[in-house]
Amino acid sequence: MSKTDFQCTACGYQSPRWVGRCPACGNWDSFVAAKAVSNRKSAREGSALHSLTEVAAEDARLPTGITEFDRVLGGGVVPGSLVLIGGDPGIGKSTLLLQTAECLCGRGTVLYATGEESARQVSLRAKRLGIRGANIYIASETDVDVIKEHIASLNPAAVIIDSIQTTSRSQVQAVPGSVAQVRECAAEFQQVAKGTETPVFLIGHVTKDGILAGPRLLEHAVDVVLYLEGDRHHNYRILRGVKNRFGATDEIGVFEMREEGLVDVPNPSALFHGARQEEAVVGSVVVPTLQGTRPLLVEVQALVSANPYGMPRRMATGYDVNRATLLIAVLDKKVGLKLGHCDTYINAVGGVKITEPAADLAVAVAVASSYREAAVLPGTVVVGEVGLTGEVRPVNALNARLKEAAKLGFRRAVVCAAREVQDYLETVQVDTLGDALEAALE
Ligand SMILES: Nc1ncnc2c1ncn2[C@@H]1O[C@H](COP(=O)(O)OP(=O)(O)OP(=O)(O)O)[C@@H](O)[C@H]1O
Ligand SMILES: [Mg+2]
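Residues numbered from 1 in each chain as written. Chains lettered and ligands numbered in written order. Predicted model: local features only at pLDDT ≥ 70, side-chain atom pairs only at ≥ 80, totals over all residues. Heavy atoms only, no water.

Trainee: Looking at this model, I keep getting lost on the sheet that holds strand 11 (residues 252-258). Mind explaining?
Mentor: The pairing of strands in a sheet happens through backbone hydrogen bonds and is either parallel or antiparallel. Spatial strand order, 6-5-7-8-4-9-10-11-12: nine strands in an open sheet with mixed pairing. Both edges of this open sheet fall to strand 6 (136-139) and strand 12 (261-264), since each of them pairs with a single strand only. Taking the axes of each pair of neighbouring strands and ignoring which way they run, one obtains an average angle of 25° across the sheet. The pairing of strand 4 (residues 82-87) with strand 9 (residues 224-230) spans five bridges and is parallel. Paired with Gly 86 across the bridge in strand 9 is Tyr 227. (Pairing = 2+ DSSP bridges. Helix = DSSP H or I, 4+ residues; strand = E, 2+ residues; numbered from the N terminus. Axes fitted to C-alpha atoms, helices over the stretch in contact; angles between N-to-C directions.)

Put into structure tokens, the structure is as follows:
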């Protein structure tokens, strides 16, 4: 026997003696005697050296045919790439990839390996989505080696694995979904993808905290990581790039979930800013954000309520709560709003997530608007980054944002000072947060 005789079935940790509790993952009673785990062939067999110039490198992307999906992928899927799509349960991952299979099956066969549902369930969904797909082959299979045999015999144009957490290899003594299995299976699919130049789409589960279940290594092992997000109570779904070896990561794709499946939303700006731009609403501000190359107008709402007794609560949906806390501190210290005894709630409308600092000023104005019970002037958008000294800093692509706001009927913008602002609408340039509140609120 080798030096390491026991292995944790949950995380793959190896130990020279049996232990009751795994020191790595904390699971109890998970140690079994380890057999030789990996019999993967050495990559060195037959490997040859190539000069960079002699390797053919035409950019032969396969468009999936779903415009919003292609936008996030950077124009289509690169042959031989491993694409991981994560998302909450029931958000529409299987739907998206079944629709992708339909679009790709014009180029050859598509293998859809499902460990989550039976072939009948997949076919019921396909019927609902209006997918005929004679070229789509369903394998109700979880064993990676069997899936690899199917790939070898079918030679498909694309492979879809639903989901990576249900697949396993018999050589690995760990339960499906465990760190050891996920790592091993992902490595196998990576080899298949690279070896056969076939794009492989993996569906991944996310944990309660919204990160991909399994080892962090999974994200390193794949070429593209995308998250399908959305509010379960809204029909809109946002596909967001987190990692992309072949394209930008800040692009988003927007879909609407309908009975017939996910439908592209080519012009999503109008969806997230509400229809109340002509009303004076306290605590509501519209911010022209930039998602990738695309401007997107989002309504930010804030509610400030007095809490003279306990610790003030700060909650944010669709916005970083730590950033919100920082802005509240700046409002307190630099503008003199006594928010120390107030609960503050912040919400980005429609299930969007705002990650860029350009939304700082809008969030701060929304909070001040609710605190002072003063509405933002009708038809006004607000954009700028807020610094710790209460200064308003410039944002990138200001003119693209203002153009989109003007297109959607906004007439006025409170913005950071910038050198060249085109007059799509009336702009008020401000240097400090205090000036911004003066300019934006009634
Ligand atoms: N008849 C229908 N009409 C409209 N929407 C539907 C219908 N049936 C299902 N849906 C939508 O499809 C979603 C389920 O999609 P799907 O099974 O692709 O999700 P998933 O992310 O693969 O889920 P899981 O994590 O369970 O695998 C539902 O949450 C619902 O929004
Ligand atoms: Mg599914």
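Trainee: Which parts of the structure should I look at to understand the packing of helix 7 (residues 321-335) against helix 10 (residues 433-440)?
Mentor: When two helices pack together, you describe them by how their axes are tilted relative to each other and by the distance separating the axes. Across the interface, helix 7 lies against helix 10 with an axial gap of 10 Å and an inter-helix angle of 95°. Judged on the interaxial angle alone, helix 10 and helix 7 are roughly perpendicular. The segment helix 7 lies against helix 10, with Val 330, Leu 331 and Val 335 engaging Leu 433, Gly 434 and Leu 437. By residue class, the composition of the contact of helix 7 with helix 10 is five nonpolar, one polar and no charged. (Parallel < 35°, antiparallel > 145°, perpendicular 65-115°, else oblique. Contact = heavy atoms within 4.5 Å. Nonpolar A, V, L, I, M, F, W, Y, C, P; charged D, E, K, R; others polar.)

Trainee: What am I meant to see in the side chain of Asn 399 here?
Mentor: One can find Asn 399 in helix 9 (residues 398-407). Apart from residues lying up to four places away in sequence, Asn 399 is in contact with Glu 420, Val 421, Gln 422 and Tyr 424.

Trainee: Quick question: what am I supposed to make of the side chain of Ser 369 here?
Mentor: Within the secondary structure, Ser 369 is located in helix 8 (residues 360-372). Classification of Ser 369 as buried rests on a relative accessible area of 0%. With sequence-adjacent residues up to four places away left out, Ser 369 is seen in contact with Val 281, Val 282, Gly 283, Ser 284, Ala 374, Ala 375, Val 376 and Leu 441. (Buried < 20%, exposed > 50% of the residue type's maximum accessible area, 1.4 Å probe, protein only.)

Trainee: When you look at the site of ligand 1 in this model, what are you seeing that I'm missing?
Mentor: By nearness alone, 14 residues border ligand 1, and Gly 90, Lys 93, Ser 94, Thr 95 and Arg 125 come closest of all. The separation between an oxygen atom of ligand 1 and a polar side-chain atom of Ser 94 is 2.6 Å. Within the side chain of Arg 125, a nitrogen or oxygen atom sits 2.8 Å from an oxygen atom of ligand 1. Protein burial of ligand 1: of its 660 Å² of free accessible surface, 66% is covered by the chains. Per element, the largest residue contribution to the shell around ligand 1 is three residues, and it comes from helix 2 (residues 93-104). (Near = heavy atom within 4 Å. Polar contact = N/O pair within 3.5 Å; in protein donor to acceptor, adjacent residues only side chain to side chain. Areas by Shrake-Rupley, 256 points an atom, 1.4 Å probe, with all protein chains shown as cover.)

Trainee: How should the domain arrangement of the chain be read in this particular structure?
Mentor: Accessible area lost when the parts come together is the quantity often used to give the size of an interface. On domain assignment, one finds that the chain holds domain 1 (1-36), domain 2 (60-266) and domain 3 (273-440). Once you take the C-alpha centre of each, domain 1 and domain 3 turn out to be 52 Å apart. (Domains from an automatic or database assignment.)

Trainee: What exactly am I supposed to notice about the packing of helix 7 against helix 8 here?
Mentor: Put simply, helix 7 and helix 8 touch, their axes get as near as 10 Å, and they point 60° apart. Relative to helix 8, helix 7 is oriented oblique. Note on packing geometry: the crossing formed by helix 7 with helix 8 is right-handed. In this structure, helix 7 uses Arg 323, Leu 327, Leu 331 and Val 335 to contact helix 8, whose residues at the interface are Asp 360, Val 363, Ala 364, Val 367, Ala 368 and Arg 372. Each residue belonging to the contact of helix 7 with helix 8 can be placed in one class, and the counts come to seven nonpolar, no polar and three charged. (Left-handed = near helix turned anticlockwise from the far one by under 90°.)

Trainee: Sorry if this is basic, but what is going on with the pairing of strand 20 (residues 412-416) here?
Mentor: Side-chain positions along a regular strand alternate between the two faces of the sheet. Of all the five residues making up strand 20, five are buried; the element is thus mostly covered by neighbouring parts of the structure. Pairing between strand 17 (residues 380-383) and strand 20: four bridges, direction parallel. Opposite Thr 380, over in strand 20, you have Arg 412 as the bridge partner. For strand 20 and strand 21 (residues 426-430), the ladder comprises five bridges, and the chain directions are parallel. Within strand 21, the residue paired with Val 414 across the bridge is Val 428.

Trainee: Any chance you could explain the pattern of salt bridges here in plain terms?
Mentor: Side chains that differ in sign of charge can pair as their charged atoms come close. Evaluation of the coordinates by the stated rule reveals 17 salt bridges. Linking Glu 356 and Arg 401 is a salt bridge whose minimum nitrogen-to-oxygen distance equals 2.9 Å. Of the two residues, Glu 356 is situated in the loop between strand 16 (342-348) and helix 8 and Arg 401 in helix 9; the sequence distance between them amounts to 45 residues. A relative accessible area of 0% means that Arg 401 is categorised as buried. Three or more residues joined by partner-sharing salt bridges are found here, namely Asp 145, Lys 148, Arg 169, Glu 184 and Glu 188. (Salt bridge = Lys/Arg side-chain N within 4 Å of Asp/Glu carboxyl O.)

Trainee: How should I be thinking about helix 4 (residues 144-154) in this particular structure?
Mentor: Given 3.6 residues to a turn, an α-helix orients residues that are three or four positions apart in the same direction. All buried positions along helix 4 are accounted for by Val 144, Asp 145, Ile 147 and Ile 151. Buried residues of helix 4 fall within an arc of 155° about the axis and therefore sit on the same side. What points out from helix 4, more than 90 degrees from its buried face, is the exposed set Glu 149 and Ser 153. Looking at the buried residues of helix 4, the elements they touch are strand 5 (110-114), strand 7 (158-162) and helix 5 (179-196). For helix 4, the N-terminal cap is Asp 143; the gap from its side-chain oxygen to the backbone nitrogen of Asp 145 is 2.8 Å. (Arc of directions from axis to C-beta.)

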